[in-house]
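# Observations on the three-dimensional arrangement
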Amino acid sequence: MVRKHWIEIAWGTFAIGNVAVILTLDRWETIPFHFIWVSLTLVYGLRRWSLRATAATLGTVMIVTAYALAVVIWRGHEELDELSEVPLMAAMFVAMVWHARRRLAAVDEARRRAENEHKLLERELEFVRDAAHELRTPITVAGGHAELIRAAHADDQTGSDAEVVLDELNRLSRISERLLLLAAAEHPDFLNREEVDLKALIEDALRRWSPAAARRWKEHSDAEAVIRADGERLRIALDALIENAVKSTEKGDAVSISSRTNDGHVEIEVADTGAGIPADQLGRIFERFARTDLGRGRRAGGTGLGLAIVKAIAEAHDGRVEVESTPGVGSVFRMELPSTKR
Ligand code: ADP
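A short tour of the structure in this document, coming up. Predicted model, so just to flag it, every value in this text is computed and none were measured.

Scoring rules and cut-offs
Residues numbered from 1 in each chain as written. Predicted model: local features only at pLDDT ≥ 70, side-chain atom pairs only at ≥ 80, totals over all residues. Heavy atoms only, no water. Helix = DSSP H or I, 4+ residues; strand = E, 2+ residues; numbered from the N terminus. Rg over C-alpha atoms; globule rule 2.2 N^0.38 Å. Buried < 20%, exposed > 50% of the residue type's maximum accessible area, 1.4 Å probe, protein only. Contact = heavy atoms within 4.5 Å. Areas by Shrake-Rupley, 256 points an atom, 1.4 Å probe, with all protein chains shown as cover. Lys, Arg positive; Asp, Glu negative; His and termini not counted. Charge placed at Lys NZ, Arg CZ, Asp CG, Glu CD. Near = heavy atom within 4 Å. Polar contact = N/O pair within 3.5 Å; in protein donor to acceptor, adjacent residues only side chain to side chain. Salt bridge = Lys/Arg side-chain N within 4 Å of Asp/Glu carboxyl O. Axes fitted to C-alpha atoms, helices over the stretch in contact; angles between N-to-C directions. Parallel < 35°, antiparallel > 145°, perpendicular 65-115°, else oblique.

## Side note on the overall build of the protein chain
- Assigned secondary structure in the protein chain consists of nine helices and seven strands.
- On C-alpha atoms alone, the protein chain measures out to a radius of gyration of 35 Å, which is more than a quarter above the 20 Å that the 2.2 N^0.38 rule sets for 342 residues.
- Counting only residues that meet the buried cut, the protein chain has 39% of its 342 residues in that class.
- Put simply, of all contacts in the protein chain between residues at least 6 apart along the chain, 71% involve residues at least 24 apart.
- Accessible surface for the protein chain amounts to roughly 20200 Å². Of this, 57% is attributable to carbon and sulfur atoms.
- Across the protein chain, 45 positive and 53 negative side-chain charges occur, with their mean positions spaced 2 Å apart.

Set out below in structure tokens:
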């Protein structure tokens, strides 16, 4: 109790001391009088009293200070009009209380909104997680059957129809995985930071991708590009960029992957000498389900979510992604991330 209310107890003692001073001094009584009111205002700024406690304190201070002044006036040390100080000081205090309570109400409201938003995000993530989980079993079962049909009809139309079914099931499974990742990206705990060596990240990507597609693969990395980031998420983003570069190029085209440090941030770049993107499409390709060439996207198993994921991952790291592209010449996608080492 004493520990909890030590400010109030200290202030009460200080106020009583000042009343005693008013009652004993022959002059300068207004100084301790103002001390009482100013200190009351200060204490209120530090504490969150209920309205009732505030009103009771205000009433008590008004009565006690009015009584002390009345004694001083009665002794002939002050004029009667000095009593007007009491309602004036009280009015100043009430104005301060009103302001402080308005501010507190605004802060409470902001906190409530943030909590609601957090709960909504949690619910959305849970829903997408459940939906992705529920989809997994039927997709796996249907895929198993389609594979059996394909194996039994290896040389006829039914076999190639089964192939289409398998491709579409594959796409469905990727869409559900990517939707789950996008929903998770909005969550504050999305990233699991660790030391990430960008040179190793790029070499690993190259090792996995170069046998899969006949391109002129090039790599360049700054030696000291080590940052604190989520290595797994960065790998997903880099893979999405490389996959796009491969899909937009043909045999013999170049795909270059590089990283460099640059004035407080690092850049990871994937450049290709492929089809490029028309200028009027550049603004929308990072949107969910945006495709510049629907035919290519669906034929090549695209989900229309790859770049949305790259953007979400870059932004979760407080970074960004940008693109430069010339149709017929190629594209450069650049992820820019703060080079935080802590
Ligand atoms: P998708 O799964 O269709 O590749 P993305 O979000 O990854 O979805 O890409 C959106 C669209 O942006 C693609 O359909 C494609 O038209 C265009 N695009 C992305 N990367 C490239 C690139 N390197 N070269 C040309 N076009 C690209």
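Read on, since the account is not over.
## Considering the site of the ligand
- The immediate surroundings of the ligand are formed by 21 residues, with Asn 244, Asp 272, Thr 292, Thr 303 and Leu 307 found nearest.
- The side chain of Asn 244 places a nitrogen or oxygen atom 2.8 Å from an oxygen atom of the ligand.
- Burial of the ligand by the surrounding chains reaches 98%, relative to a free accessible area of 530 Å².
- Going through the elements one at a time, helix 7 (231–247), helix 9 (306–316) and strand 7 (330–338) are the ones with two or more residues in the shell around the ligand.
- With three residues, helix 7 is the single largest residue contributor to the shell around the ligand.

## Focus: the pattern of salt bridges
- Per the counting criterion, the structure on display carries 23 salt bridges.
- In this structure, Arg 150 engages Glu 163 in a salt bridge whose closest nitrogen and oxygen atoms are separated by 3.2 Å. Of this pair, Arg 150 sits in helix 4 (residues 85–152) while Glu 163 sits in helix 5 (residues 157–185), and the two are 13 residues apart along the sequence.
- Where salt bridges share partners, they join Arg 260, Glu 267, Glu 269, Arg 320, Glu 322, Glu 324, Arg 334 and Glu 336 into one cluster.

## With respect to the packing of helix 2 (residues 30–46) against helix 4
- As a packed pair, helix 2 and helix 4 sit with axes 10 Å apart at the nearest point and diverge in direction by 10°. The orientation of helix 2 relative to helix 4 falls into the category roughly parallel. Counting all contacts with helix 2, which are made through Phe 33, His 34, Trp 37, Leu 40, Thr 41, Tyr 44 and Gly 45, the residues of helix 4 involved are Glu 85, Val 86, Met 89, Ala 90, Met 92, Phe 93, Met 96, Val 97, Ala 100 and Arg 101.

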